[in-house]
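# A structural walkthrough
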Amino acid sequence: MRLLHSKKDGTISLTDDIIEDIPAYAILSHTWGRDYEEVTFKDIQDDPEQARSKAGYRKIEFCGKQAASDRLEYFWVDTCCIDKSNNAELAEAINSMFRWYHNAAKCYVYLADVSMSSQDDIDQALQKSRWFTRGWTLQELIAPVSVEFFSSDNMQLGDKKSLEQQLFNITGVALAALRGDPLDSFSVEQRMAWAEKRTTKKEEDKAYSLLGIFNVFMSPIYGEGTEHAFYRLEEEIKKRAKASIDRNLSQGLPMLRSDSIFLQERLLVLADVQSFLTEALSCDEHVRVILHGLPGVGKSTMARLFAHNAQKTRVILWIPGNSEAAIKQAFEQYAMQLCGSYQQCSEPVSFIAGQLCERFSGHCLIVFDGLNIPLINIQQYLFADIKEIKILITTRNKDLAPYIKATHVLQMNPLNKQLGQYLLNVYMDTDSASLTAGQAVQAEQTLQERDARRRIVKELGGLPLAIAIVGVALRKESSIPSINSQAYLAWADEVKDILLEQDPVFSDYSSSVWKAFQFAFQGILQGNGINQYAAFMAHFAASCEDASNLAEYIRLYRKFRTRNTASTRSAAIPGHPVIGQLRFLETGFFELAIKALAAVNMVTVNWTEDGPNSVPYIEMHSLVRRWLVSTNYNKVSTYAGSKMWLLGFGMYDQLNASRVGTSRFEPLLKEVSETLLKSPRILEDSHVPAQEAVFPLLLDAQIKLSKSIDFLPAGSAQRSHLHQFSRELESEIKSSYDDSLEDIDWNSMFQAWARELGEQVEYAVEYDAQEDDYMLKDFFLRTLDSHGCIPIAFGSEAPCQLHYVGQTNRIKKIQADITTRTEYLLIEYLAQEAFRQLPAITPEESSAFIRTWAERWEKDVTEIIRNCLAEVFVKLQSAADTQRLATELPSPSNSTAVVGSQSLGGYMQLWTNSSDPRNAFFAILRRTVKAATKQFLDSCPAVEILNEQKVTFMDMCERAIRKGFSDRAADAFRSQPLSAEAGTDTVFGILWELAWPGRFPGDLDNLIAAETFAAISDNLKDAAKQGFSSTFEKHLNNSSSFVEKLADEVFSASAISNMFPNWILSGWIDPLSDDEDSNDEEPAYIDLIHESKQQAISAMKSIYDDRASIADEDTAVQALKSMFDCRKVIHDEVMDRLNQPGLTDRTGMGAFFAKMHFEDCNKSLRLACFVLQNGASEDFLGSLDHLISVEKNWSFSEAR
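Here is what the cut-offs are and how they apply
Residues numbered from 1 in each chain as written. Predicted model: local features only at pLDDT ≥ 70, side-chain atom pairs only at ≥ 80, totals over all residues. Heavy atoms only, no water. Pairing = 2+ DSSP bridges. Helix = DSSP H or I, 4+ residues; strand = E, 2+ residues; numbered from the N terminus. Axes fitted to C-alpha atoms, helices over the stretch in contact; angles between N-to-C directions. Contact = heavy atoms within 4.5 Å. Salt bridge = Lys/Arg side-chain N within 4 Å of Asp/Glu carboxyl O. Buried < 20%, exposed > 50% of the residue type's maximum accessible area, 1.4 Å probe, protein only. Patch = residues over 30% accessible without salt bridge, like charges linked within 9 Å, V, L, I, M, F, W, Y side chains within 5 Å. Areas by Shrake-Rupley, 256 points an atom, 1.4 Å probe, with all protein chains shown as cover. Lys, Arg positive; Asp, Glu negative; His and termini not counted. Charge placed at Lys NZ, Arg CZ, Asp CG, Glu CD. Disulfide = S-S within 2.5 Å. Expected span 1.5 Å × (residues − 1). Arc of directions from axis to C-beta. Core = buried A, V, L, I, M, F, W, Y, C linked by side-chain atoms within 4.5 Å. Parallel < 35°, antiparallel > 145°, perpendicular 65-115°, else oblique. Left-handed = near helix turned anticlockwise from the far one by under 90°. Nonpolar A, V, L, I, M, F, W, Y, C, P; charged D, E, K, R; others polar. pLDDT = per-residue confidence, 0-100. Phe/Tyr/Trp six-rings, centres within 6.5 Å; stacked < 30°, edge-to-face > 60°. Polar contact = N/O pair within 3.5 Å; in protein donor to acceptor, adjacent residues only side chain to side chain.

Sheets are built from strands paired through backbone hydrogen bonds, the pairs being either parallel or antiparallel. Spatial ordering of the open sheet is given by S2-S1-S4-S3-S5-S6-S7, a layout of seven strands whose pairing is mixed. Looking at strand neighbours, the two that pair on one side only are strand S2 (12–14) and strand S7 (156–159), the edges of this open sheet. Each strand axis lies, on average, 30° off the axis of its neighbour in the sheet, ignoring direction. Where strand S1 (residues 4–6) lies against strand S4 (residues 74–76), two bridges are found, and the strand directions are antiparallel. By the bridge assignment, Leu 4 is partnered in S4 with Phe 75. Against the sheet, helix H3 (residues 57–69) makes contact with S1, S2, strand S3 (25–29), S4, strand S5 (106–111) and strand S6 (147–151), and its axis sits at roughly 145° relative to S5, the strand it touches most. Contacts from helix H5 (residues 87–103) reach S3, S4 and S5, with the element oriented near 120° to S3.

Written out as structure tokens, the structure is:
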């Protein structure tokens, strides 16, 4: 590149073309004037005097002087540093431009149409500047690290960091992009949208100016036209995406991982199956492959082998298909790996589909393993509209192929005699970990031995699983002494298990398979010597639904033992029956047991973690699991009580520590629930009494019932504590409105609103008019409101000044408190492991690590933010209320202080889940903003000006509706002309006159208040985010860029965002009219649910901490009764609200969603009654059935 050089004598000269060792330089960003005004390369080279006489030289002088003030001798200006007469040089410059701007030490933006002497403030001046409308300036804004803005009179206006909010409002470029996040992290559509409204002098430059934005390269061909230029650009983008995928795939993709994909030991590789899979899954078109066959023929083994070998060349998602819940959970986990936020990716399946296409060009294989359940609606998970995503399904259900329209189907049959004998030889005679069918196995065999092995294979029906199990058992070093193949054949068939004969899974097998299991596992299951631990482990594994649940139970056991070993009460703990029953999970015994089970092929193990306390991936084949459950049911079922006990400990520990919610235990709760539904009396002979086992179910019911309260308002008693705060804040906001909106051009703003409304209306009508009976009246009765046309259009064109109205002293004080308390609570309550994971991260790993870290710790942070808001909003209450709370809340300075049996974190979580001060605060904030907005509108001409624009709005909407109706417009409008041109009343004009007053001038206060409210809510969220960032910056020694990305990832989750509601959500928690209050008392359910939780936590404390007193039956019954009382009171509250006439989306939807949470609560309550099995629980069930019947007879649509 060529640079301009400022010499000491004040002259400016042009350097030669510099290839290497480019010195530090500044760079100018500007808008071109007329061609004859700009200084060219030829001017600088041939006629410097002519150059200095041109108007454009002023910009060059400015850039040189500003660079000199920043101690930079060199600078670059596009008008004169490129020889545009040289096509090759011009092409090189266009392709290098983004890099040149990115590498500049400083970028100066010269705004020729902005002057500090004008009456406009900086925001207004920036909004009007032509610089923001030009195509080339987009990359000049994004690429440089340092961008400084200057007016035409050389006054600095700010830089990219200080003006980032204004820049975002004007350009729409994401803040993360402005802050330097890699552009590849933004979708192609997002980046295209940034440039959509920008213009260039030459039409092709609209495409060429985006080369750097997409990091692609192509030669400019002026004259090709916009369409062809963009076609070439899009082709280059696709090529780069594919190359990036190929490169990433060659390096592996750790962000999408599954412990289920690993290379099994002593594996028979069926080359024909692998060839089939390779050929089928290499097709370009949409591919759905099915491997079907009997359990144990090797379907999963072959699929796992293919996935293991293919994971370096494509993205692999391994989805267990044993239930729809397992499928959903797997997609949720992959969603969290991709973005760190499942829930808050409310549609994980569609989210993953988009990510696979966007990040990996659909270069992906999804394996559904063991998809045998016929009732699963699998079509929704197969991505039928994305042909690049390949599907592989293993199943024993051959009828699945036509149902999913499989493109390739292979039935895996039992092995023929030759392969079966070969596999048996592999397991009996060979030490190789993996062999391909057809390789020779060198071992001498007698004639009798060869004949015996042939007979064994025939007896086992060629089933690979059974052959492998028997082969291991017959190895010389096996645990079964003095037996060979001939002795095995002579081993007596005992009485066949009736349960096995009746099980349809086993109906296709001969009794020899049962015999094989019985023979191979007898040494383990008899439990002699060290094998007793292996037998316990086998039965425990069989009791778990899948490998993930098994691993979670093991972790919970070890956590309980580790926590209590160091406790002063440790002497009492080992005596608990659960600890005695699960002693085989202790690290030493556990490792011996797992190795013993793996040695006989009872389980497959993947030791994925390091360290003495690691929990490996342990998978028991479904055939073995079902055989164990059928033949050893009493031993398998005996662990139900202990697993419920461990589940209760996990939930209690999480809540008591106030680190994370209990949602991570939902798979365990599901497993326990299904077990109880199948066998309600399974706990009768358990090591755990029913009065202890019931508490995890009660706690789960309480947590789920508490979720309904998030959608209900606090009573006026609580809101009254904030009245003084409300009055003071209302005055501040009113003054802020007067100051911020004083110079608003309401005419221009309303005209822009009308234009945007027209676009929203056209889209909405086009969608709804697909219904044949859709008429003009339906637009006013339904479409206008249901699609949110008016508020969406207003929000798009609302003045940016509304974002600053809420920056009052009181709101800033709350923001400061939130930041401070967030820092304190993170340090106090976030596990130290979360901090320890951070220091070793390198920049190359940052993106993948951030996703992984957020996946692990996001829920912990969410609960801490929830507690922070509770503390801050409690401080706003009256002095009397603060005095009352002082007797209940510990001092924040004492982290070990307790309220009764609760830590500060635990108490705050329970307290905020019931009487949540967030609801009261945001309800009052909503009213306050609304009142201040009304006062402001009463004192300004906005409503009057809006009424003057009525015809403009009518005309825009009518034209848009006609477009939306398309060829049905004449019928819909009764062939009448446009109302503005008719000269007489039209049907549309009459309907518009009826709709206008209430929806436009009458609702302007709500529209403006909504924008102000949203800005305040966002600022409060940003305050918490700032506290998070500050905490981790201190820990990481000011690694601000990394921490900023980490904060963005964590705070993008909807679990956190929902704590800072928008205008609509705040309406749900404030159903009263905005200008009146009621005399209702604090809702009764608040104290009830708090008392109920305290009872449960207190009982669980005695179970898991004290061990001095076991919960008795009366305690459990009382806790159950308290829970039912809460359920009944909240039922009454919700039904009262739902039965009010004239419900709207604001007044009714909160209660409607609250009712939906009852269903989850009911399931846990019903199971709790099953566990207790006494007269009181039967009475409770009757009451619950009555409540359910009342709720089922109500529907929101009927009420409206």
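Following the criterion strictly, the structure yields 40 salt bridges and no others. The residue Lys 704 makes a salt bridge to Asp 700 at a minimum N-O spacing of 2.8 Å. Placement of both Lys 704 and Asp 700 in helix H33 (residues 695–709) is noted, with a separation of four residues, approximately one turn of the helix. Judged by relative accessible area, Asp 700 falls into the buried class, the value being 4%.

Our next topic: a negative patch on the surface. A surface patch of like charges, here negative, comprises Asp 121, Asp 739, Glu 742 and Asp 743. As for its position among the elements, Asp 121 is in the loop between S5 and helix H6 (122–128). Given the relative accessible area of 40%, Asp 121 is considered partly exposed.

Of all six residues in strand S11 (residues 364–369), six are buried; the element is thus mostly enclosed. The alternating pattern of S11 places Cys 364, Ile 366 and Phe 368 and Leu 365, Val 367 and Asp 369 on opposite faces, both of which are buried. Direction of pairing for strand S10 (residues 315–320) relative to S11: parallel, over a ladder of six bridges. If you follow Pro 320 over to S11, its bridge partner there is Asp 369. Examined bridge by bridge, S11 and strand S12 (residues 389–395) share five bridges and lie parallel to one another. Paired with Phe 368 across the strands is Ile 393, a residue of S12.

Below, the discussion takes up the pairing of S6. The element S6 is extensively covered by neighbouring structure, given that five of its five residues are classed as buried. Burial along S6 is two-sided: the residues Val 147, Phe 149 and Ser 151 and Glu 148 and Phe 150 are all buried. Pairing analysis gives five bridges linking S5 to S6, with the strands arranged parallel. Opposite Tyr 110, over in S6, you have Phe 150 as the bridge partner. The hairpin turn running from S6 into S7, its antiparallel successor, is four residues long, and Asn 154 in that turn takes a positive phi close to 65°.

Another point: helix H37 (residues 776–786). Residues of H37 that are buried: Leu 776, Asp 778, Phe 779, Phe 780, Thr 783 and Leu 784. Looking at the buried residues of H37, the elements they touch are helix H36 (746–768), helix H38 (789–797), helix H47 (950–965), helix H48 (969–972) and helix H50 (987–999). Just beyond H37, the residue with positive phi is Gly 788, at close to 60°.

Right, let's get into the state of the cysteines. Under the definition given, this model contains zero disulfides. Between Cys 957, a free cysteine, and Cys 789, which holds the nearest cysteine sulfur, the sulfur-to-sulfur gap is 8.0 Å. With a relative accessible area of 0%, Cys 957 lands in the buried category.

Quick look at helix H19 (residues 447–459) now. An ideal rise of 1.5 Å per residue puts 18 Å on 13 residues; H19 measures up with 18 Å between its terminal C-alpha atoms. Buried within H19 we find Glu 449, Ala 452, Arg 453, Ile 456 and Val 457. Buried residues of H19, viewed axially, fall in a sector of 140°; they line one side. Turned more than 90 degrees off the buried face of H19, the exposed positions are Leu 447 and Lys 458. Against helix H18 (417–429), helix H20 (464–473) and helix H21 (485–490) lie the buried residues of H19. Downstream of H19 by a residue or two, Gly 461 has a phi angle that is positive, lying close to 65°.

Turning next to the nonpolar core. Core analysis: the biggest nonpolar cluster contains 183 residues, and Phe 368, Phe 521, Met 537, Phe 540, Met 602 and Phe 695 have the highest contact counts within it. Contacts of Phe 521, omitting those with residues within four sequence positions, involve Ile 469, Val 600, Met 602, Val 624 and Trp 627. Phe 780, Trp 853, Ala 972 and Ala 1023 belong to the second largest nonpolar core, which has 100 residues in total.

At a closest axis distance of 11 Å, the pairing of helix H56 (residues 1113–1138) and helix H58 (residues 1175–1192) adopts a crossing angle of 15°. If you check the angle between H56 and H58, you find them roughly parallel. Our pair here, H56 against H58, has a crossing hand that is left-handed. Facing Val 1117, Leu 1120, Lys 1121, Phe 1124, Arg 1127, Lys 1128, His 1131 and Met 1135 of H56, the residues of H58 in contact are Ala 1176, Ser 1177, Phe 1180, Leu 1181, Leu 1184, Leu 1187, Val 1190 and Glu 1191. Considered class by class, the residues forming the contact of H56 with H58 number ten nonpolar, two polar and four charged.

Attention now moves to the sheet that holds S10. Read across the open sheet, the five strands follow the order S10-S11-S12-S9-S13; overall the sheet is parallel. Two strands close off the open sheet at either side, each with one partner strand: S10 and strand S13 (408–411). Strand-to-strand twist of the sheet, defined as the mean angle between neighbouring strand axes without regard to direction, takes the value 15°. Contacts between helix H14 (residues 299–310) and the sheet are confined to strand S9 (288–292), S10, S11 and S12, with S10 contributing the most and set at about 155° to the helix.

Taken residue by residue, the protein chain gives an average pLDDT of 79. The fraction at 70 or more is 80%. Below a pLDDT of 50 lies the segment residues 247–255, which in the model reaches twelve contacts outside its immediate sequence neighbourhood of four places, other chains included. Low pLDDT, under 50, characterises residues 340–344; the predicted model gives this stretch 17 contacts beyond four residues in sequence or across chains.

Quick look at the packing of aromatic side chains now. Applying the stated rule across the entire model yields 54 aromatic pairs. Between Trp 131 and Phe 132, the aromatic rings sit 5.1 Å apart at their centres with planes inclined by 90°, giving edge-to-face as the arrangement. As far as the burial class goes, Trp 131 and Phe 132 line up, both buried. Both rings, one in Tyr 533 and one in Phe 589, keep their centres 4.3 Å apart while their planes meet at 15°; by these two values the pair is stacked. Of this pair, Tyr 533 sits in helix H24 (residues 531–543) while Phe 589 sits in helix H27 (residues 587–599), placing them 56 residues apart in sequence. What makes Tyr 533 buried here is its relative accessible area of 12%.

With phi around 50°, Asp 21 is a residue other than glycine that occupies positive phi space. With respect to the helices and strands, the residue Asp 21 is situated in the loop between S2 and S3. A relative accessible area of 74% places Asp 21 in the exposed class. Here the phi dihedral of Asn 215 falls at roughly 55°; this positive angle occurs in a residue that is not glycine. You can see Asn 215 is positioned in the loop between helix H11 (205–208) and helix H12 (226–250). A relative accessible area of 39% places Asn 215 in the partly exposed class.

So, on to the environment of Trp 76. Structurally, the position occupied by Trp 76 is in strand S4. Of the residues examined, Trp 76 reaches a relative accessible area of 0% and is grouped as buried. In sequence terms Trp 76 and Ile 27 are 49 residues apart; their C-alpha atoms lie 4.7 Å from each other. Ignoring any residue separated from it by four or fewer positions in sequence, one finds Trp 76 in contact with Met 1, Arg 2, Leu 3, Ala 26, Ile 27, Leu 28, Cys 81, Ile 82, Met 97, Trp 100 and Tyr 101. There is a polar contact of 3.4 Å between the side chain of Trp 76 and the backbone oxygen of Arg 2.

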